[in-house]
Amino acid sequence: MESKRLALPDQLLAPRRKPFLLWVVASLIILSLFFLTTSFKGRIVTPFFQGFNSVTRNSSLVSWHFSRFPPSKNSTASPPANVIGVVLEKTYVGNFTEITQNGSFGDEATSVPKSPEAKSGNLTDSSGDGGLLERPLLGVIEVGNQSLSSNVDDADAKRSAEGKSVENLIAENKNEGNEENGRFPGGGGEQGGHIKVSFEKCDIFDGKWVRDDSKPYYPPGSCPYIDKDFDCHLNRRPDVGFVKWKWQPNGCDIPSLNATDFLERLRGKKLVFVGDSLNRNMWESLVCILRNSIGKKKRVYEISGRREFKKKGFYAFRFEDYNCTVDFVSSPFLVRESSFKSKNGTFETLRLDLMDQTTSMYHDADVIIFNTGHWWTHDKTSRGEDYYQEGNHIHRRLKVLEAYKRALLTWARWIDKNIDRNRTLVLFKGYSVTHFRGGQWNSGGRCHKETEPIFNTTYLGKYPSKMRALQHVLQETKTPVIYLNISRLTAYRKDAHPSIYRMTYNTAEERIAAERSQDCSHWCLPGVPDTWNELLYASLLKVGLGSWKK
């Protein structure tokens, strides 16, 4: 009974309890020290202990650094082993590298030997280049003495992930002590053991296709603004696997296209695609991706009310909630289609020395994506007889590659003279590879039984000579130009063309007849052009100018 009247301190100091209680206190101290030094790599974190990266107005990427070693004086990044990135929304801001201007295009790899199928000519390209597709050059062309600098911190300090829950996005870098390189969640460490860097530092156009069941960006059949020729779902294509692929660069991961973030950066601005039907393919894709993020779909509309866009002209989609437009200007050559009067009558020509008359529709845009290439493969342009004109001179014969280069020089002079480089970002999309087998589009070429990408690189075509000409021209421009080098990534995708699914058929006989004239140039939507826009988004973030700054 006496023991019940002991105060608590007396109980703790009782001789019989002392060794045990001292052991408990010591254990608690040891455990506390252990948790303070080792437990902050888990899921539950707090910015209290060490620097909290501030969140900019346009960013939803929050990073905490838990490092036992402070960053070096020459680096703003903590060791990647202790960088934990949490994406609260699908917004990618990040840091951007400089685009130095030293006149170099980067390294080229030697092409692999031709496969028997490539040698036999069964896999052909309307560019007529033949051969095998070499490793593409860097996606951003370095031009003149101009420099685009982001003036931001090291890219490794802010890493982002996409399409996962917050719990899965908290990842730990296993490459401890390496301040420059690191593996991203789901990156090279898990796929072949390659160490990856931030996407701002790698060639995002050099990579491979991997399965991704989260694709596409918009459900098939959900977008009413896809030309019937591109709407393979509407035209009852039976397989859907071709939409379940994403482009995986070899050295990094790229962000998914965050449509809300894209529109926010485009607020009050004008983005224009200028070129041929392959750019129209890409334009419709972007309209559908962005529209899918809008709650009130009626607030997205083509300003003239049109829903078919195959005719030449100017089309503009207005996103009312963001006061911006995404436009398409049909200009398949970029330079001017004309005519010439002679003693023998009037005949069509292509003015290599004059821009198309559509320039007034886009010279004041904030972002312009140019392309031209496929129309240069048609009979008249590839033959080059009494067709190409400069001034009053008609070339009796001019090789198409030389004509193409002269047209690009005219375009380059125009952008240098007319584009305000402090306002407008200029991009040029490369050649989209075709996959005709057994002939071209007008001679029985086909691709309708293809359901998977090419995985063996020996079956790829040659890097288009026209794109080499483009790169040399871009080297001479004073205006910085971002090169969307899509040639290699499209070379793999023999499975994603409309082929015979350009229309619906009432009878089996009509479908059989359609096999003699297939579309193995353009791409189904949803499909490959969605990836082009994903790379457009990543490229604009890499440059980090204007509204594309972090």
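A brief report on the enclosed structure follows. Fair warning: this is a prediction, and the values are worked out from it, not measured in the lab.

1. Regarding unusual backbone geometry
Right, on to step 1. A cis amide bond links Lys215 with the next residue in sequence, Pro216, at an omega value of 5°.
Right, on to step 2. Position of Pro216 among the secondary structure elements: in the loop between strand S4 (207-211) and strand S5 (245-249).
Right, on to step 3. At the junction of Leu525 and Pro526, the peptide bond is cis and its omega measures out at -5° in the coordinates.
Right, on to step 4. Mapped onto the elements, Pro526 comes out in the loop between helix H11 (508-514) and helix H12 (528-543).
Right, on to step 5. Of note in this structure, Arg236 is not a glycine but carries a positive phi near 65°.
Right, on to step 6. When you line up the elements, Arg236 lands in the loop between S4 and S5.

2. Some points on the packing of aromatic side chains
Right, on to step 1. Under the definition given, this model contains 24 aromatic pairs.
Right, on to step 2. On the numbers, 5.7 Å between centres and 55° between planes, the contact of Phe340 with Phe347 is tilted.
Right, on to step 3. Judged by its relative accessible area of 22%, Phe340 is partly exposed.
Right, on to step 4. Here the aromatic rings of Tyr362 and Phe370 are separated by 5.6 Å at their centres, their planes lie at 80°, and the arrangement is edge-to-face. Each member of the pair, Tyr362 as well as Phe370, carries the same accessibility label: buried.
Right, on to step 5. Connected via pairs of aromatic rings, a cluster forms that spans Tyr225, Trp283, Phe309, Tyr315, Phe317 and Phe328.
Right, on to step 6. The residue whose ring lies beneath Arg211 is Trp245, and the NZ or CZ to ring-centre distance is 5.3 Å.

3. A look at the side chain of Arg291
Right, on to step 1. Mapped onto the elements, Arg291 comes out in helix H6 (residues 277-292).
Right, on to step 2. Notably, Arg291 is buried but unbridged: the nearest opposite-charge side chain belongs to Asp231, and the N-O separation is 11 Å.
Right, on to step 3. Leave out the neighbours within four places in its chain, and Arg291 touches Ser222, Cys223, Pro224, Tyr225, Lys297, Val300 and Phe319.

4. Structural notes on the nonpolar core
Right, on to step 1. The biggest cluster of nonpolar side chains holds 75 residues, and the ones touching the most others in it are Phe262, Phe273, Val326 and Leu536.
Right, on to step 2. Once residues within four sequence positions are removed from consideration, Leu536 is found in contact with Phe262, Phe273, Met282, Leu286, Ile369, Leu427 and Leu484.
Right, on to step 3. Core analysis: the second largest hydrophobic core is formed by 38 residues, Ala407, Tyr463, Leu470 and Tyr483 among them.

5. Things to note about the pairing of strand S6 (residues 270-275)
Within a regular strand, side chains alternate between the sheet's two faces.
Right, on to step 1. The buried fraction of S6 is high, at six of six residues.
Right, on to step 2. Of the two faces of S6, the one lined by Lys270, Val272 and Val274 and the one lined by Leu271, Phe273 and Gly275 are each fully buried.
Right, on to step 3. Relative to strand S9 (residues 324-330), S6 runs parallel, the two sharing six bridges. Following the sheet pairing, Gly275 is matched in S9 by Ser330.
Right, on to step 4. Relative to strand S12 (residues 367-370), S6 is paired through four bridges, and the arrangement is parallel.

Rules and cut-offs
- The numbering scheme is per chain: residues are counted from 1 as the chain's sequence reads.
- Side-chain atom pairs in this predicted model are given and counted only at pLDDT of 80 or more, local residue features only at pLDDT of at least 70, and totals for whole chains, interfaces and linings cover all residues.
- For the side-chain quantities, the full set of heavy atoms in the structure was used; hydrogens and water were omitted.
- Starting at the N terminus, helices and strands are each numbered in turn, a helix being any DSSP run of H or I of at least four residues and a strand any DSSP run of E of at least two.
- Pairing of aromatic rings covers Phe, Tyr and Trp, the last through its six-membered ring, and needs centres within 6.5 Å; plane angles under 30 degrees mean stacked, over 60 mean edge-to-face, and all others mean tilted.
- Accessible area is worked out with a 1.4 Å probe on protein chains only. A residue is then buried under 20% of its type maximum, exposed over 50%, and partly exposed in between.
- Our definition puts a charge over a ring when NZ of Lys or CZ of Arg is within 6 Å of the ring centre and also within 35 degrees of the ring normal.
- Positive charges come from Lys and Arg, negative ones from Asp and Glu, while His and the chain ends are left out of the count.
- Salt bridge, as used here: a side-chain nitrogen of Lys or Arg that lies within 4 Å of a carboxyl oxygen of Asp or Glu.
- Contacts are assigned to residue pairs with any non-hydrogen atoms lying within 4.5 Å of each other.
- Buried residues of nine kinds, namely Ala, Val, Leu, Ile, Met, Phe, Trp, Tyr and Cys, make up a nonpolar core once their side-chain atoms join them within 4.5 Å.
- When DSSP finds two or more bridges between a pair of strands, those strands are recorded as paired.

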